[in-house]
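So the chains spell out like this:
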Amino acid sequence: MSTLEIKNLHANVLPNEEGQEPTPILKGVNLTIKSGETHAIMGPNGSGKSTLAYTIAGHPKYEVTDGEVLLDGENLLEMEVDERARAGLFLAMQYPVEVPGVSSSNFMRSAVTAVRGEAPKLREWVSELNAARDSLQMDASFSERSVNEGFSGGEKKRHEVMQLALMKPKFAVMDETDSGLDVDALRIVSEGVNRAQAQNEMGTLLITHYTRILNYIKPDHVHVLVDGRVAESGGPELAEQLEAEVKRPADAEKYRRQAEADAQAYEIDARGRAEAAAALSAHDAIMPTLGDRFTAAAFAAAPPRARVLANFGAGYNHIDVDAARAAGDLTDGPFAAIATKLDTA
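Residues numbered from 1 in each chain as written. Predicted model: local features only at pLDDT ≥ 70, side-chain atom pairs only at ≥ 80, totals over all residues. Heavy atoms only, no water.

Caption draft 1: Inspection of the packing of helix 3 (residues 104-116) against helix 4 (residues 122-135) at higher detail. Direction vectors running N to C along helix 3 and helix 4 enclose 115°, while the axes themselves pass 12 Å from each other. Classed by the angle they form, the pair helix 3 and helix 4 counts as roughly perpendicular. Regarding helix 3 and helix 4, the two cross each other, and that crossing is right-handed. Contacts between helix 3 and helix 4 involve Ser105, Met108, Arg109, Val112 and Arg116 on the former and, on the latter, Leu122, Trp125, Glu128 and Leu129. Here the contact of helix 3 with helix 4 is composed, by residue class, of 5 nonpolar, 1 polar and 3 charged. (Axes fitted to C-alpha atoms, helices over the stretch in contact; angles between N-to-C directions. Helix = DSSP H or I, 4+ residues; strand = E, 2+ residues; numbered from the N terminus. Parallel < 35°, antiparallel > 145°, perpendicular 65-115°, else oblique. Left-handed = near helix turned anticlockwise from the far one by under 90°. Contact = heavy atoms within 4.5 Å. Nonpolar A, V, L, I, M, F, W, Y, C, P; charged D, E, K, R; others polar.)

Structural data, given as structure tokens:
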């Protein structure tokens, strides 16, 4: 039985330019994860979720000012990044990086060799690699392609979970692994995480904005991170409560007020403001967990004008402007101003 303990963790994000001060992000995080457990971390943007993931992994952009991260009693914060991996820590990144010129198979074998301390025998390695790849429904050509180069979002996430399956860590930190995945890819990736956990009694720290991945990867505990601290903890029901709270009328009213302010700022006429308010009245119906983005199905089903206005009023730019324009919703009047804002955002 292994244990990952995060004790009173404080961390700053370092500035990009000289003369600027570090920005405090984590302000005393406490969390304990045991082998076989899944802990989901949820919370609004800017609350410190990704900072927590990268601080644990040892990203140089983050500076620890207090606290400890203990893996079986050993302080990970005193280790280099590669030492943390050998100790049993794995990070699945929200935005996996491309490594041109390095084939996936060579990358995987080098990583596994570094973690295990010896290179796997070639015949056994080929069998192990193929099994991991096939379980994630990845084409055989992936082995010879450069790491993540030209991969779709779903392919990159499956590639991350393939690494997870081969490296067999004690604990995996999954930073928004569901980001950018369609329903089928989400299911395949989630099954891969569940399989790794079942085979290795891996502990999982799952960072997400959405409850949809929690339908596939069932959490034992859910924690809400707010302003760099764990503000609330509970069981799986806590995620459902969060989703319900986001859809309160007060939130819809907040978005309507934002739409009004944006409309005035862009000199959108009264008709445009009324249409924006009407679209945002239906905003709750197409908003997913924690109000971060729209679900693909509901978003596609909404009229183009409603999609544009809902995103505009809520301050989001992830919309299909071209489809809305083709449908005649961005040709003149207030919607032309919206299109200009979104095209340049």
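Still more to cover.
Caption draft 2: Here's a closer look at the sheet that holds strand 12 (residues 229-234). On the basis of which strands lie adjacent, the open sheet formed by 6 strands has the order 6-9-10-3-11-12 and mixed pairing. The sheet is open, and its two edges are formed by strand 6 (89-92) and strand 12, each paired on a single side. Strand-to-strand, the axes of this sheet are offset by a mean angle of 20°, without reference to chain direction. Where strand 3 (residues 38-42) and strand 11 (residues 221-226) come together, 4 bridges link them in parallel fashion. Directly across from isoleucine 41, in strand 11, lies its bridge partner histidine 223. Contacts between helix 5 (residues 153-167) and the sheet are confined to strand 6 and strand 9 (171-175), with strand 6 contributing the most and set at about 170° to the helix. (Pairing = 2+ DSSP bridges.)

Caption draft 3: Representation of the environment of glutamate 191. Structurally, glutamate 191 can be placed in helix 6 (residues 183-200). Through-space distance from the C-alpha of glutamate 191 to that of serine 135 is 9.0 Å; in sequence the pair is 56 residues apart.

Caption draft 4: Broad picture of the packing of aromatic side chains. Scanning all chains against the criterion turns up 2 aromatic pairs. Taking the centre distance of 6.3 Å and the plane angle of 15° together, the rings of tyrosine 54 and tyrosine 62 count as stacked. On the basis of an interplanar angle of 70° and a centroid distance of 5.0 Å, the ring pair of phenylalanine 142 and phenylalanine 151 is categorised as edge-to-face. Seen from the ring of phenylalanine 142, arginine 145 lies directly overhead, with NZ or CZ sitting 4.9 Å from the centre. (Phe/Tyr/Trp six-rings, centres within 6.5 Å; stacked < 30°, edge-to-face > 60°. Lys NZ or Arg CZ within 6 Å of the ring centre and 35° of its normal.)

Caption draft 5: Just unusual backbone geometry, in detail. Phi at lysine 168 is positive, roughly 50°, even though this residue is not glycine. For lysine 168, the location among the structural elements is in the loop between helix 5 and strand 9. The exposure class of lysine 168 is partly exposed, given its relative accessible area of 40%. Not every positive phi belongs to a glycine, and glutamate 176 is a case in point at roughly 50°. For glutamate 176, a relative accessible area of 5% corresponds to the buried category. (Buried < 20%, exposed > 50% of the residue type's maximum accessible area, 1.4 Å probe, protein only.)

Caption draft 6: View of the pattern of salt bridges. This model, assessed by the stated rule, comprises 9 salt bridges. Between aspartate 72 and lysine 170 there is a salt bridge; the shortest N-O distance is 3.1 Å. Pair noted here: aspartate 72 is in the loop between strand 4 (62-71) and strand 5 (74-75) and lysine 170 is in the loop between helix 5 and strand 9, with a separation of 98 residues, a long-range link. With relative accessibility at 36%, the residue aspartate 72 sits in the partly exposed group. Note that arginine 145 is salt-bridged to glutamate 155, the shortest N-O span being 4.0 Å. Note that arginine 145 is positioned in the loop between helix 4 and strand 8 (146-147) and glutamate 155 in helix 5, a separation of 10 residues in sequence. Connected through shared salt-bridge partners, Arg116, Glu128 and Lys168 make up one network. (Salt bridge = Lys/Arg side-chain N within 4 Å of Asp/Glu carboxyl O.)

Caption draft 7: Region of the structure containing the side chain of serine 146. Relative to the elements of secondary structure, serine 146 occurs in strand 8. Only 3.1 Å separates the side chain of serine 146 from the backbone nitrogen of glycine 101, close enough to count as a polar contact. Excluding anything up to four places from it in sequence, serine 146 contacts Val99, Pro100, Gly101, Val102, Ser103 and Phe151. (Polar contact = N/O pair within 3.5 Å; in protein donor to acceptor, adjacent residues only side chain to side chain.)

Caption draft 8: Spatial organisation of helix 1 (residues 49-57). Burial of helix 1 is extensive: 9 of the 9 residues sit out of reach of the surface. Of all the residues in helix 1, the buried ones are Lys49, Ser50, Thr51, Leu52, Ala53, Tyr54, Thr55, Ile56 and Ala57. Directly after helix 1, the chain includes glycine 58, whose backbone phi takes a positive value near 100°.

Caption draft 9: Region of interest: the nonpolar core. Formed by 38 residues in total, the largest nonpolar core has its most connected members in Met162, Leu164, Leu166, Met174, Val193 and Leu214. Here the element with the most residues in this core is helix 6; it accounts for 6 residues. Core analysis: the next-biggest nonpolar cluster, separate from the first, contains 26 residues, Leu9, Leu31, Tyr62 and Leu71 among them. (Core = buried A, V, L, I, M, F, W, Y, C linked by side-chain atoms within 4.5 Å.)

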